[in-house]
Amino acid sequence: MGTLEFDVAHLLAGGLVLVSFVMLYQDRLYALLNVFALHSVVLSVSVGWQAFVQDAPHLYLTALIALVFKAIVIPVALHRIIQRLGIHREIETVVGVGATMLVGMGLVALSMVVMLRVTADADPLAREDLAFALSIVLLGLLVMVTRRNAVSQVVGFMSLENGLVLAATGAKGMPLVVEISVAFSILIAFIVIGIFLFRIRERFDTVDIGALDVFRGERR
Amino acid sequence: MSAVLALLACAAGLLGLGVVGVVGGRGRVGAAVVYLGSATVCALAAVSAIGVLLGGEPVSEVVLPIGLPWLGAHFRIDALSALFVVLVDVGGAAAAVYGLGHGRHEGHPRRVLPFFPAFLAAMHLVLLADDAFTFLFCWELMSLVSWALVMAHHQQGDNTRAGYVYLLMAGFGTLALLLALALLAGSEGGYAFADMRAVEPAPHVAALVVVLVLVGAGSKAGLLPLHVWLPLAHPAAPSHVSALMSGVMTKVAVYGFVRIVLDLLATPPWWAGLAVLLLGAVTAVVGVLHALMERDIKRMLAYSTIENVGIVFVGVGLALAFDAHGMGAAAALALTAALLHAANHSWFKSLLFLGAGAVLVATGERDMDAQGGLIHRMPVTAFTFLVGCAAISALPPLNGFASEWLLFQAVLQSPQIEQWGLRILVPGVGGLLALAAALAAACFVRAFGVVFLGRPRTPAAMRAAEVDRASLAAMVALVVLCVLAGIVPGVLIDALAPVTSALLDARLPTQAALGWLTVVPIAEGRSSYNGLLVFVFIAVSAWLTVRVVHRLASDRLRRGPAWDCGFPDASPLTQYASGSFAQPIRRVFGTTVFAARETVEMPPPGDGRAARHRVTLLDPAWRWIYDPITAAVAGASLRLNAMQFLTIRRYLGMVFLALVGLLLVIAIWR
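Residues numbered from 1 in each chain as written. Chains lettered and ligands numbered in written order. Predicted model: local features only at pLDDT ≥ 70, side-chain atom pairs only at ≥ 80, totals over all residues. Heavy atoms only, no water.

Caption draft 1: Main features of the overall build of chain A. Looking only at helices and strands, chain A features 8 helices and 0 strands. Along chain A, from the amino end to the carboxyl end, the secondary structure elements read α-α-α-α-α-α-α-α. For chain A, the residues scored as buried account for 50% of the 220 residues in total. Here the contacts in chain A between residues at least 6 apart in sequence split such that 75% fall between residues at least 24 apart. Here chain A has roughly 10,200 Å² of accessible surface; of this, 68% comes from carbon and sulfur atoms. (Helix = DSSP H or I, 4+ residues; strand = E, 2+ residues; numbered from the N terminus. Buried < 20%, exposed > 50% of the residue type's maximum accessible area, 1.4 Å probe, protein only. Contact = heavy atoms within 4.5 Å. Areas by Shrake-Rupley, 256 points an atom, 1.4 Å probe, with all protein chains shown as cover.)

Caption draft 2: The arrangement of the nonpolar core in detail. Within the largest apolar cluster, 215 residues are counted, with the highest numbers of intra-cluster contacts made by Phe 135, Leu 181 and Phe 257 of chain B. Element by element, the count of residues in this core is highest for helix H13 (residues 328-363) of chain B, at 21 residues. Residues in contact with Phe 135 of chain B, not counting those within four places in the same chain, are Val 126, Ala 129, Leu 177, Leu 181, Phe 193, Tyr 255 and Gly 256 of chain B. Counting residues in each nonpolar core, the second largest holds 58 residues, with Leu 33, Leu 85, Leu 134 and Val 165 of chain A among its members. (Core = buried A, V, L, I, M, F, W, Y, C linked by side-chain atoms within 4.5 Å.)

Caption draft 3: Just the domain arrangement of chain B, in detail. As assigned here, chain B comprises domain 1 (286-547) and domain 2 (620-669). With centres defined by C-alpha atoms, the gap from domain 1 of chain B to domain 2 of chain B works out at 49 Å. (Domains from an automatic or database assignment.)

Caption draft 4: Structural context of the environment of Ser 48 of chain B. Residues and elements named next belong to chain B. As for its position among the elements, Ser 48 is in helix H2 (residues 28-55). Between the C-alpha atom of Ser 48 and that of Ala 3, which follows or precedes it by 45 residues, the distance is 6.2 Å. Once you skip the residues sitting within four places of it in the chain, Ser 48 turns out to touch Ala 3, Ala 6 and Leu 7.

Caption draft 5: How the structure looks around the packing of aromatic side chains. The final tally for this structure, using the stated rule, is 14 aromatic pairs over all chains. Between Trp 49 of chain A and Phe 52 of chain A, the aromatic rings sit 5.3 Å apart at their centres with planes inclined by 45°, giving tilted as the arrangement. Residue Trp 49 of chain A and its partner Phe 52 of chain A are located together in helix H2 (residues 29-54), separated by 3 residues, close to a single helical turn. Three or more aromatic residues joined by ring pairs form one cluster here, namely Phe 135, Trp 139 and Phe 193 of chain B. (Phe/Tyr/Trp six-rings, centres within 6.5 Å; stacked < 30°, edge-to-face > 60°.)

Caption draft 6: Seen up close, the interface of chain A and chain B. Facing the 22 residues of chain A at the interface are 17 residues of chain B. Regarding the contact of chain A and chain B, the summed buried area is about 1,700 Å², with carbon and sulfur atoms giving 73% of it. Contact with chain B buries surface across chain A, with Leu 110, Arg 117 and Val 145 of chain A losing the most and accounting together for 28% of the total. At the boundary of chain A and chain B, one finds 0 residue pairs in polar contact (both at pLDDT 80 or more). Residue assignment for the side of chain A that touches chain B shows that the elements contributing at least two residues are helix H4 (97-118), helix H5 (124-146) and helix H8 (210-215) of chain A. (Buried area = accessible area lost by both parts, 1.4 Å probe. Polar contact = N/O pair within 3.5 Å; in protein donor to acceptor, adjacent residues only side chain to side chain.)

Caption draft 7: Up close: the packing of helix H10 (residues 239-264) of chain B against helix H12 (residues 297-324) of chain B. Residue and element names in this part refer to chain B. The interhelical angle for the contact between H10 and H12, taken along N-to-C directions, is 15°, at an axis separation of 11 Å. In terms of orientation, H10 and H12 fall into the roughly parallel class. Read as a crossing pair, H10 and H12 show a hand that is right-handed. Contacts from Ser 239, Ser 242, Ser 246, Thr 250, Val 254, Phe 257, Val 258, Val 261 and Leu 262 of H10 reach H12 at Lys 298, Ala 302, Thr 305, Val 309, Val 312, Phe 313, Val 316 and Leu 320. (Axes fitted to C-alpha atoms, helices over the stretch in contact; angles between N-to-C directions. Parallel < 35°, antiparallel > 145°, perpendicular 65-115°, else oblique. Left-handed = near helix turned anticlockwise from the far one by under 90°.)

Caption draft 8: Representation of a nonpolar patch on the surface in the model. Residue and element names in this part refer to chain A. Together, Val 41, Val 45, Leu 61, Leu 64, Leu 67, Val 68, Ile 72, Val 73 and Val 76 line one region of the surface with nonpolar side chains, adding up to about 670 Å² of accessible area. Contributions of two or more residues to the nonpolar patch are made by H2 and helix H3 (58-85). It is H3 that contributes the most residues to the nonpolar patch, 7 residues altogether. In this fold, Val 41 is placed in helix H2. (Patch = residues over 30% accessible without salt bridge, like charges linked within 9 Å, V, L, I, M, F, W, Y side chains within 5 Å. Salt bridge = Lys/Arg side-chain N within 4 Å of Asp/Glu carboxyl O.)

Below, the structure is given as structure tokens:
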């Protein structure tokens, strides 16, 4: 493998981590959705690059799925949901932005340490990819944990899944069936969560999941 | 057809009978088919296994393409398996014949019929299994099927609790065995027993394996302090199943221990023998003390099973200790004694449980203090029960004496051990064994006396009638077996020789070569026993005594007033009862072991109520081990209950923190 291919793959994967960080400090819903769309675009470019490097045509299909569903369909759908629900567009965060960013940096460092050490004798490209993918997964989880709004939790979940796709494409020889089934399961999860959002709104007039806790008679 | 295939076919036939039990369990014909079929299949399997044991047939094995992929199911029969298959089959056939008559009193036969043959089949398969997966699968099948049998009478009394405790302990034991076999298989994954025999595990692995097997097989066999399920579960099942569980399933557990520690584990650690020896001795004494305190006849028998399992484990422990010090002949003697006692116990314990079942059918009561005088109404049952009591009390010329005598011969070999710790300890264990044997004799004198002698204490005991012929036939067959095994133990000892020579590379001298059926374990000059001579002596002297007495006295039967303690026309309740008979022993041992307390409540003068004498006993195992554990689990679950009602975000946060924590562990330790 030439050094150019490696560098570009590295750049794209690093770009994904960077976009994940961008996602961490968004405090408006529309901005968050736009960043998620960007995240998915970077992912599909990265997957397409992997397809080119590994000479695996089925990965182009994966890239296309990522582009169509995650960069276009899901963000547009979420935009429309937000409009129809008339959600308050500011996101209430649990922890301050600065603290969240610091925690995110710690997570990236942790995943680097773990992955680079565990996969010491693996292909260098796969190693870097895995390390970045783990950071993206952890950052996606962090987004889910630090937000109160259900829509932003959906976005956190989707970005987490982007990390999984990155890991899957970085490893050579991942069958297409696995990728397609992952993509479809994500789509189904999105549909289910979307329906849930409407149901929650119908009942409680808000998608702040704090209302659910109040409904269950608990203190926050 | 090789022996292993024949036995597998028998197991399959038993499973098929289980299906028959499901389909046709309602009618009498279905029940007869299941029980007669089980008895026939067991007889066939016994013939096949005896052929392997006596004929010196080579080890036969087979791999079936079922079970785990790439592994298959390995089955194999060698002398050790064959011996235990014979035990299962003899016990199974007797229980099946007994069930033919006893099963008619079963209120819900469909709760018993499908599981009875399946239970027998599962025990066969455990003995034949030759890889870890098959062994554990069949072991767990055996546990589950027997659990179903324990739950057959789930509406009665405490039986659901018994089933729950049994299920819990069985699962725990299998978990321990699973870990032990996984350790033996190693990281290479050699799950076939043949692979395990080939590798020699590291010393610390071997030590861990011994401890885990002691927990796993010990909990099934009833070793202290893992015995708590046994006195609950064994009596809860229908009586012929109790006979199987107590007489046979505990032997399968002994097989599991011997197979793993003596066969698969090439070199057990030096202290293994010591640990097994001590556990066995303590189990024997505490088990028989429990039995002496018990009023319920079936629970008393279950506790006595614990005692006998302790005796068997003392033998196995001695074999391990002798083997570790290079004393092959002594080790073979101890193992022979242990296996012989296992066989004998399976016979007389089955006999006693069948007798208890007959009493239960006749009077509807398991409480010994509700019986009395049954010898007049149930003479055959009384006679068979008496033989069983004499055998389990180790009275010559019956089989219990032969095996316990052999075990004491092994204990007497201890001065030749080099390590002086063991040299001092083994005679101490011998002392405990002697104590257990004496207490067992007291226990069974009490059982027989209270149940069968004296006058009936309840109207039900007065109306009791002899049980049906099938039940009696099963009991008489076991009596014959006990007597024969007591008179000619040499035949059995010779049959055990292939087992000891396969496991320890040593065997006892061939007994068949000696004249007059004498048993000589080591050398003629040291000790010998001749069951036939003792039997002839007892028979002749008893006959002579009877002749002399009848000669000198009138031979007419006379009935006179019983010795009545100065109370003419006393109530039957003034007789010795189980509690009063055991009182001296309870005062001596019970106060320390069971914290036994006696209180007498005297009503004030003028009050018409009767005075009450109350005895409280605490089971040390529950008190010191299980009650604290249940309290801890209950407390922890109460605290964790709060975790059930957290917010979604908190749950997510927990997942997140757990993930990060695990990653940190990897980052730091790798």
